Amino acid sequence: VMEFFTKQNFEEFSNLIGMWLGDGCIRKCNSKVNGICFTVHSVNEKEINFITRVCEDTFGCNITNHTKDNTTNIYVNSRIVGLVFNELFKSGFNNKELYSEIFSWPKRLVNSLIAGLITTDGHITKYKHNCTLSLSNKKLMTQLYHLCRANGIVSSFVKYKKQDDATTEPYSMSIPL
C-alpha cells in the first residue's frame, strides 16, 4: 500500500486515514462497494477543503461534495479506493480497524493519524493539557492505544459504563499535550 502512495504527502494521507476512521464509511450501491465517504459538519470548511484536496491529489478520481442541512458528505467515487479501504480498514463504526502495516510507521505518521482521529472524534481539553479521543469501537481503540504506546506516546485508555439507550460501550483515550 505504501508503494501506491509514494508520490503523495504521507503525513497528509495518514491524517486523512485518521479522519476516515472517525467519520468515514464505505459507499455501497446495490450491495457493491463503489467508493468511500466522509461526513463533516458544514461549518468545518477547512476540514472539508483538506479532505477534498488530499483525496483529489492522492486518488486522482472524481470527488463530489453534497451538502444538506448542516452536513457535508465528501464522496470519493472510485470502486478501487472503496475496495482497498474496505480490505485494509474494514467498515462500520464498530468494525473498523488498523491494518498491520500502520504499526511499522514512523512516529510522525502515527502522530498525523491520531491528529486526524482527534479532528473527527476528539477534543482538546479546556486548559489544553491533553486531548481526548472517544469511540465505541473497542478493537480500534485498543489498537490505537498500543500504537501510541509503541511510539512513545503516553496515553490512557478507559471503558465507560454503557448507557441504557446505547448500543455499545463507549471508550476514551487521553493523550497529554
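See the structure above.
Caption draft 1: Expanded view of the overall build of the chain. Along its length, the chain carries 5 helices and 8 strands. Against the 2.2 N^0.38 benchmark of 16 Å for 177 residues, the chain shows a C-alpha radius of gyration of 16 Å, consistent with a compact globule. Dimensions of the chain along its principal axes, counting C-alpha atoms only, are 40 × 40 × 30 Å. Put simply, the chain has 177 residues, and 44% of those count as buried. Considering only intrachain contacts with a sequence separation of at least 6, the fraction spanning at least 24 residues in the chain is 59%. The averaged location of the 16 negative side-chain charges in the chain is 4 Å from the averaged location of its 20 positive side-chain charges.

Caption draft 2: Structural context of the pairing of strand 8 (residues 171-176). Two strands pair when backbone bridges link them, and strand 6 (residues 130-135) and strand 8 are joined in this way by 6 bridges, in the antiparallel orientation. Each residue of the ladder has a partner; that of C131, found in strand 8, is I175. The pairing of strand 7 (residues 156-159) with strand 8 spans 4 bridges and is classified as antiparallel. When the sheet's bridge partners are listed, F157 is paired in strand 8 with M173.

Caption draft 3: Examining the pairing of strand 3 (residues 63-68) more closely. Alignment of strand 3 against strand 4 (residues 71-76), held across 6 bridges, turns out to be antiparallel. When the bridges of strand 4 are listed, T64 appears paired with Y75. Between strand 3 and strand 4, which pair antiparallel and follow one another directly, the connecting turn spans 2 residues, one of which, D69, has a positive phi of 55°.

Caption draft 4: Fine view of helix 5 (residues 138-150). The end-to-end C-alpha separation of helix 5 is 18 Å, in line with the 18 Å expected for 13 residues at 1.5 Å each. The N-cap residue of helix 5 is N137: its side-chain oxygen and the backbone nitrogen of K139 are 3.2 Å apart.

Caption draft 5: Seen up close, the sheet that holds strand 8. Spatially, 4 strands are ordered 5-6-8-7 in an open sheet, and the strand pairing comes out antiparallel. In this open sheet, the two strands that pair with only one neighbour each are strand 5 (122-124) and strand 7. The mean angle between the axes of side-by-side strands here comes to 20°, regardless of whether they run parallel or antiparallel. In the packing of helix 4 (residues 107-121) onto the sheet, contacts are made with strand 5, strand 6 and strand 8, and the angle to strand 6 comes to roughly 70°.

Caption draft 6: Inspection of unusual backbone geometry at higher detail. The phi dihedral of S31 is positive, around 70°, even though this residue is not glycine. Take S31: it is sitting in the loop between strand 1 (24-29) and strand 2 (32-41). Although it is not a glycine, K90 sits at a positive phi angle of roughly 65°. Counting through the fold element by element, K90 comes out in the loop between helix 3 (79-89) and helix 4.

Caption draft 7: Highlighting the packing of helix 1 (residues 10-23) against helix 4. Running from N to C, helix 1 and helix 4 point in directions that differ by 35°, and their axes come no closer than 7 Å. Like other packed secondary-structure pairs, helix 1 and helix 4 cross with a definite hand, here right-handed. Each of F10, E11, E12, S14, N15, I17, G18, M19, L21, G22 and D23 in helix 1 lies in contact with helix 4, whose residues at this interface are R108, L109, S112, L113, A115, G116, L117, T119, T120 and D121.

Caption draft 8: View of the sheet that holds strand 4. Strand order in the open sheet formed by 4 strands is 1-2-4-3, with antiparallel pairing between adjacent strands. Pairing within the sheet leaves two strands with one partner each, and these edge strands are strand 1 and strand 3. Neighbour-to-neighbour, the strand axes of this sheet turn through a mean angle of 30°, independent of strand direction. Examined bridge by bridge, strand 1 and strand 2 share 6 bridges and lie antiparallel to one another. Its bridge partner lying in strand 2, C29 is registered against K32. Against the sheet, helix 2 (residues 45-59) touches strand 2, strand 3 and strand 4, its axis set at about 150° to strand 2. With respect to the sheet, helix 3 is in contact with strand 1, strand 2 and strand 4, its orientation differing from that of strand 2 by roughly 80°.

Conventions we followed
- Residues numbered from 1 in each chain as written.
- Predicted model: local features only at pLDDT ≥ 70, side-chain atom pairs only at ≥ 80, totals over all residues.
- Heavy atoms only, no water.
- Helix = DSSP H or I, 4+ residues; strand = E, 2+ residues; numbered from the N terminus.
- Rg over C-alpha atoms; globule rule 2.2 N^0.38 Å.
- Buried < 20%, exposed > 50% of the residue type's maximum accessible area, 1.4 Å probe, protein only.
- Contact = heavy atoms within 4.5 Å.
- Lys, Arg positive; Asp, Glu negative; His and termini not counted.
- Charge placed at Lys NZ, Arg CZ, Asp CG, Glu CD.
- Pairing = 2+ DSSP bridges.
- Expected span 1.5 Å × (residues − 1).
- Polar contact = N/O pair within 3.5 Å; in protein donor to acceptor, adjacent residues only side chain to side chain.
- Axes fitted to C-alpha atoms, helices over the stretch in contact; angles between N-to-C directions.
- Left-handed = near helix turned anticlockwise from the far one by under 90°.

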